[in-house]
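Residues per chain are reported as follows:
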Amino acid sequence: MSVEFTTTKHIVLFGAGKSATVLIDYLKQLISEKNWQLTVADSNLQSVQQKLGAHKNAEAIAVDITNTEERKKYISRADIVISLMPAHLHYLIAVDCIELKKHLLTASYVDNDIKKHAGAIRQNHLLFLYEMGLDPGIDHMSAMQLIHSIQEQGGKITSFQSHCGGLVAPESDDNPWHYKISWNPRNVIMAGKAGAVYKENGETITLKYEELFSGKQGINVPGLGWYACYPNRDSLHYLSLYHLEEAASFVRTTLRHPDFCFGWKNIIDLKLTSEEKLYETNGLTVSAFFRQHFEQHGFGEWLTQLLSSRLEYAKNMMEQLMNLMQAEQEAISEGEKPDDDFMMIDEKGELTTLNVDEVKNKAAESVAVQMHEANLTLKQLFFLGLNDDTLINKGLCSAADVMQFVAESKLALQPGDKDMVVMLHEIEYEIEKRKSTVRSSLIVKGEDNIHTAMAKTVGLPLGIAAKLILEGKITETGLHIPVAPAFYKPVLEELKQHEVFFNEAKY
């Protein structure tokens with residue numbers, strides 16, 4: 001059904017994937033209130049129709065985004081364009097928006113290609129607002145609100161840490177990975193490939209992809225407990241954008257359950273995120289793929305080494321613990337009081353005093369961790385499909401392609417499942433030589449497997465910004481991310497109406 005478009009405001013949205021559901025609902029309500037027009041375009045017309053439904057001011061269309069004529073046809077209608085397409089396709093839309101003089105919003109990162117057009121965007125009095133989703137997006141806005149508040153009080157920020165994760169809600173956490181996919185599955189598989197750079201205690205730290213998922217770093221999230229975190233891309237890129245060049249520490253991280261990080265490090269070690277196309281998957285089952293791949297990459301040797309090292313550690317620790325307990329019993333039988341403390345050389349080569357009960361507890365915990373990891377390794381791999389006879393049938397694939405196919409099935413949100421978005425800023429600062437810390441946390445749970453927390457927190461900032469721009473309440477031009485008050489103040493204020501808000505604690 002074709003829609004008769006008038007001269008009223010017209011929003012064109014490219015992309016109707018997992019992150020689009022809440023945005024489309026918001027835009028439908030908006031165009032009803034304002035009598036505006038909406039076009040939603042995607043390669044999958046059925047997906048658009050399911051999300052858009054019937055609305056007199058809205059049109060669902062199928063589009064080949066690589067077809068210049070098709071793309072320009074719909075962009076030319078718009079007053080503002082929103083792109084939720086995969087990141088590599090934004091540039092095609094952006095170039096057309098410059099030529100056709102249309103504002104553009106997206107949740108994706110600013111890249112070098114679009115930076116080259118910053119002058120043309122400004123000269124044409126256009127606003128290209130990038131990184132306007134969750135992470136990046138809400139993280140920028142909420143962080144800058146805190147930073148500016150501290151600086152207005154005369155504060156000097158010494159450490160900035162920002163953590164964010166799209167997670168599964170505890171009530172829907174029922175697999176050994178403690179994870180379910182609520183966003184682009186390809187991005188889940190490729191996460192961390194570029195490694196990470198950040199600043200810690202005045203030193204620049206660079207980590208390779210293989211080092212990211214060590215699980216050594218983590219934070220305690222209020223009300224939820226302990227989560228592992230790994231540094232996210234190039235944190236140093238944001239030092240100047242946040243005007244925090246003098247901060248001794250600056251890092252942006254991704255949150256995951258500790259077991260996920262342990263398992264994903266195994267996935268990387270087993271070369272299961274390789275992008276080299278080696279496998280003809282037509283007629284190939286998931287279990288047969290794993291057999292082929294593991295034969296090429298020495299799985300048996302790897303597994304034997306991993307399990308034996310943990311079991312040997314547990315065995316040695318148990319022997320030491322038994323020796324300690326036997327020494328206690330011998331002292332008691334001879335009528336002596338066992339020592340509560342003893343001295344030893346620690347891992348740093350320093351002499352230290354330890355409490356016997358503390359040593360027992362730590363030894364027992366350490367053994368439990370090693371046994372848990374040995375068991376977890378097999379549970380996670382079998383969960384992914386070591387014995388799954390499902391046919392892949394995707395043609396010539398890389399290991400990463402097959403992992404995406406597997407993850408889309410095994411780690412999918414099921415009907416009734418809820419996802420969860422967690423964000424936490426930790427900022428240390430000084431005012432008149434007095435040191436303080438502020439922790440600001442956001443926890444959002446989804447309604448179900450369609451109206452997810454991820455879709456809500458990615459989509460609403462885009463929808464709100466589009467409305468504010470079309471209403472003339474945001475008037476900036478040029479290429480921006482939302483770090484200025486003109487962007488973050490009105491958007492964060494409206495997000496509160498949708499139960500997206502932060503809780504602060506200072507100490």
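Criteria and thresholds
Residues numbered from 1 in each chain as written. Predicted model: local features only at pLDDT ≥ 70, side-chain atom pairs only at ≥ 80, totals over all residues. Heavy atoms only, no water. Helix = DSSP H or I, 4+ residues; strand = E, 2+ residues; numbered from the N terminus. Buried < 20%, exposed > 50% of the residue type's maximum accessible area, 1.4 Å probe, protein only. Contact = heavy atoms within 4.5 Å. Areas by Shrake-Rupley, 256 points an atom, 1.4 Å probe, with all protein chains shown as cover. Phe/Tyr/Trp six-rings, centres within 6.5 Å; stacked < 30°, edge-to-face > 60°. Lys NZ or Arg CZ within 6 Å of the ring centre and 35° of its normal. Salt bridge = Lys/Arg side-chain N within 4 Å of Asp/Glu carboxyl O. Expected span 1.5 Å × (residues − 1). Arc of directions from axis to C-beta. Pairing = 2+ DSSP bridges. Axes fitted to C-alpha atoms, helices over the stretch in contact; angles between N-to-C directions.

Asks: Got a minute to help me understand the overall build of the chain in this structure?
Replies: Each helix and strand counted, the chain has 17 helices and 21 strands in total. Considering the chain as a whole, with its 507 residues, one finds that 51% of them fall into the buried category. A fraction of 72% describes how many contacts in the chain between residues 6 or more apart in sequence connect residues 24 or more apart. Only carbon and sulfur atoms are counted for the fraction: they give 49% of the accessible area of the chain, which is about 24200 Å².

Asks: Can you help me understand the packing of aromatic side chains in this one?
Replies: One pair of aromatic rings is described through two measures. These are the centre distance and the angle between the planes. Applying the stated criterion across every chain yields a total of 12 aromatic pairs. When the ring of Phe-213 is compared with that of Tyr-230, the centres are 4.4 Å apart and the planes differ by 45°; the resulting orientation is tilted. Of this pair, Phe-213 sits in the loop between helix H9 (209-212) and strand E10 (218-221) while Tyr-230 is found in strand E11 (residues 225-231), placing the two residues 17 residues apart along the sequence. You'll find Phe-213 and Tyr-230 in the same group, each marked buried. Cation over ring: Arg-256 sits above Phe-260, and NZ or CZ is 5.6 Å from the ring centre.

Asks: I'm lost on the pattern of salt bridges in this one. Help?
Replies: Across all of its chains, the model carries 18 salt bridges by this definition. Residues Glu-59 and Arg-77 are paired through a salt bridge, measuring 3.2 Å at the closest nitrogen-oxygen approach. Of this pair, Glu-59 sits in strand E3 (residues 58-62) while Arg-77 sits in the loop between helix H3 (68-75) and strand E4 (80-83), and the two are 18 residues apart along the sequence. The buried category is assigned to Glu-59, whose relative accessible area is 10%. Salt-bridge contacts for Lys-72 lead to Glu-99; the nearest nitrogen and oxygen are separated by 3.0 Å.

Asks: Honestly, helix H17 (residues 485-497) in this entry has me stumped. Any pointers?
Replies: Working note: α-helix, 3.6 residues per turn, so residues spaced by three or four point in the same direction. The first and last C-alpha atoms of H17 sit 19 Å apart over 13 residues, in line with the 18 Å expected at 1.5 Å per residue. Along H17, the residues classified as buried are Phe-487, Tyr-488, Val-491, Leu-492, Glu-494 and Leu-495. For H17, the arc enclosing every buried residue in end-on projection is 165°, short of the 170-degree limit, so these residues lie on one face. Residues of H17 that are exposed and angled more than 90 degrees away from the buried face: Lys-489 and Gln-497. Against helix H1 (21-34), strand E6 (127-129), helix H7 (138-152), helix H16 (453-470) and strand E20 (478-480) lie the buried residues of H17. Positioned one or two residues after H17, Glu-499 has a phi angle of 60°, which is positive.

Asks: Would you explain the environment of Glu-210 in this entry?
Replies: Position of Glu-210 relative to the elements: it lies in helix H9. Between the C-alpha atom of Glu-210 and that of Trp-264, which follows or precedes it by 54 residues, the distance is 9.9 Å.

Asks: What exactly am I supposed to notice about the environment of Pro-222 here?
Replies: With respect to the helices, strands and loops of the structure, Pro-222 is situated in the loop between E10 and E11. Leaving out residues up to four positions away in the same chain, Pro-222 has contacts with Arg-439, Ser-441 and Ile-443.

Asks: Explanation requested: the sheet that holds strand E5 (residues 103-106) in the structure shown.
Replies: Strand pairs in the sheet, formed through backbone hydrogen bonds, run parallel or antiparallel to each other. Strand order in the open sheet formed by seven strands is E3-E2-E1-E4-E5-E6-E20, and the pairing between neighbours is parallel. The outermost strands of the open sheet, each flanked by one partner alone, are E3 and E20. Along the sheet, successive strands turn relative to each other by an average axial angle of 15°, direction set aside. One ladder, built from four bridges, connects strand E1 (residues 10-14) with E4; its direction is parallel. Pairing of Phe-14 across the sheet is with Ser-83, part of E4. Running at roughly 165° to E3, helix H2 (residues 45-52) makes contact with strand E2 (37-42) and E3 of the sheet.

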